[in-house]
Amino acid sequence: MPDTRYAVAAVLVAAAVTWGLRALPFAALTPLRASRTVQYLSTRMPAGVMVILLVYCLRDLPLTHARAVAPAAALAVTVGLHLWRRNALLSILGGTATHVILASAVFTS
Amino acid sequence: MHISPAATTGDRPRPAPAVPPAPSPALPPVLPPSSGPSEARAAFRASVGAGLGFVPLGLAFGALVTQSGLDWWWAGLSATLAFGGSFEFLLIGMVTAAAPLAAVALSAFMVNVRHVFYALSFPLHRVTGRLGKTYATFALCDEAYALATGKQARSWPGRRILWLQFFLHLYWAASSVAGALLGSLIPAGVTGLDFALTAMFTVLALDAVRDLRDDLPTPVLALLSALAARLLFPGQLLLAAFALFTAALLARHLTTGRKPSHA
């Protein structure tokens, strides 16, 4: 364990920066909410942000390695289940289980 | 799995009959909309899907904390106060390497600066009270943003949004502490639980794209922005992708003649 005071200070610094990033833009952007452009952005951003976060999750996918099969298959299961049943819990569980089984038992690296 | 439909978008009435209608509305109609316990219950149901993504990740985070030589309570402290999943994994390495606090601050800024964009659409105006607004911004994680800006959340009162954020916060903190305390018990051969987060964003992306109806260019622009950021700025993928995507949306808005939008 590194110095306790340092370890706590690091968390506090991270928390302060994170909170600032989450809270301060509201003060700056609230006056803009009535703007057409901001409304346009805000209705389309959620979908785009989710797509980007998904790519971020897959950013280190080893495309040229066989073990990329595990996340690729799990992704296919997740998408397939979700298009079929529209049940978020089922889709997440099915995809994660597929990945755990493949990554733990088949494509051990 | 009867608790799950509230966590999906499938329980909303839609013109297309492909999706079965809701088994029950989120609120029993006899209750006044401000009823506290029912808001908590509805928020809980909406939070379960995300919680499923949080718990394995929190366990993994906690286990990594103690494996790295930090005390178990540090996992709880970080999960409660920093509450930013991806950055907290980075923070473990920085703290064990005794990185300067300025470097911690800069990294936290770079990883979490994406939250700046959330102020454009997160419904903070529905949350009442100074304390409520304070907590809503404090606990504004990716998943809270995703759920609170989804179409199913358009009628949510602020109280339900706060409950949702509280549940997400609780899942993360509790599973982090549990992971730190139990981490050594997880068999070393079991890996890949972290895919839960990927699966969750897959589900949220599918639902959000479907909410846009036929607006295909938006997800395509997002995908192109993310891929371009992956190729050009791999170290700052999220920041670059959000910036590119916002610029692309703005350009599209300005060039498509500002047709009145139904959104």
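Fair warning: this is a prediction, and the values are worked out from it, not measured in the lab.

K.L.:
Explanation requested: the UniProt feature "transmembrane region" (unreviewed entry) in chain A in the structure shown.
P.N.:
Residues and elements named next belong to chain A. Mapped onto this numbering, the UniProt entry gives "transmembrane region" (unreviewed entry) at residues 39-58 and 90-108. Helix makes up 95% of residues 39-58 and strand 0%. Its end C-alpha atoms lie 30 Å apart. Helix makes up 89% of residues 90-108 and strand 0%, whereas the separation of the span's terminal C-alpha atoms amounts to 25 Å.

K.L.:
Which parts of the structure should I look at to understand the confidence of the model for chain A?
P.N.:
Note: predicted coordinates in regions of low pLDDT should not be interpreted at a detailed level. When the pLDDT values of chain A are averaged, the result is 88; 98% of them are 70 or greater. Ranking the elements of chain A by mean pLDDT puts helix α2 (residues 36-57) of chain A last, at 85, and helix α3 (residues 69-85) of chain A first, at 95.

K.L.:
Got a minute to help me understand the pattern of salt bridges in this structure?
P.N.:
Where charged atoms from two side chains of opposite charge approach closely, those side chains can pair. Summed over all chains, the structure comprises six salt bridges over all chains. The partner of A:Arg59 in a salt bridge is A:Asp60, and the shortest N-O contact between them spans 3.9 Å.

K.L.:
For this particular structure, what's the right way to read helix α2 (residues 72-81) of chain B?
P.N.:
Helical periodicity: at 3.6 residues per turn, an α-helix aligns residues three or four positions apart in one direction. Buried residues of α2(B): B:Trp74, B:Ala75, B:Gly76, B:Ser78 and B:Ala79, and no others. Remark: B:Phe83 follows α2(B) within two positions and exhibits a positive phi of approximately 45 degrees.

K.L.:
Please clarify how the confidence of the model for chain B should be interpreted in this entry.
P.N.:
All names here are of chain B. When pLDDT is averaged along chain B, the result is 80, and 82% of the positions lie at 70 or above. Confidence drops under a pLDDT of 50 for residues 1-33, and excluding neighbours within four residues, the segment shows 51 contacts in the predicted structure. Prediction confidence for the complex, expressed as pTM and ipTM, is 0.70 and 0.84 respectively.

K.L.:
Help me understand the interface of chain B and chain A, please; the structure alone is not making it clear to me.
P.N.:
In many reports, interface size means the accessible area that the parts give up when they come together. Taken together, the contact pairs 101 residues of chain B with 67 residues of chain A. When chain B packs against chain A, the two sides together hide about 7,500 Å² of surface, and 78% of this comes from carbon and sulfur. Along the contact surface separating chain B from chain A lie 13 residue pairs in polar contact (both at pLDDT 80 or more). Counting residues per element, the side of chain B that touches chain A draws most heavily on helix α9 (residues 195-211) of chain B, at 16 residues. Considering only residue class, the side of chain B that touches chain A consists of 66 nonpolar, 25 polar and ten charged.

Cut-offs used in this document
- The numbers attached to residues start from 1 for each chain and follow its sequence in the written order.
- Chain letters start at A and ligand numbers start at 1, both assigned in the order the entries are written.
- Per-residue local features are limited, in this predicted model, to residues with pLDDT of at least 70; the limit for side-chain atom pairs, both in listing and counting, is 80 or more; totals at the level of whole chains, interfaces and linings are taken over all residues.
- Based on all heavy atoms of the structure, the side-chain values leave hydrogens and waters out of the count.
- UniProt positions are given in the numbering used here, feature names are shortened, and annotations may be inferred rather than shown by experiment.
- Here a strand is any run of E in DSSP of at least two residues, a helix any run of H or I of at least four, and the numbering for each starts at the N terminus.
- What pLDDT expresses is the predictor's confidence in each residue, scored from 0 to 100.
- Take a side-chain nitrogen of Lys or Arg and a carboxyl oxygen of Asp or Glu: if they are within 4 Å of each other, that pair is a salt bridge.
- Here the term buried applies to any residue with accessible area under 20% of the maximum for its type, exposed to any over 50%, and partly exposed to those in between, with areas from a 1.4 Å probe on protein chains only.
- Contact criterion: two residues are considered in contact whenever any of their non-hydrogen atoms come within 4.5 Å of each other.
- In this description, buried area is defined as the sum, over both parts, of the accessible area (probe of 1.4 Å) that is lost when the two are combined.
- For the purposes of these results, a polar contact is taken to be a pair of N or O atoms within 3.5 Å, where, inside protein, one atom must be able to donate a hydrogen and its partner to accept one; residues adjacent in sequence count only when each atom of the pair is a side-chain atom.
- In the scheme used here, Gly and all other residues not listed as nonpolar or charged are polar, with Ala, Val, Leu, Ile, Met, Phe, Trp, Tyr, Cys and Pro taken as nonpolar and Asp, Glu, Lys and Arg as charged.

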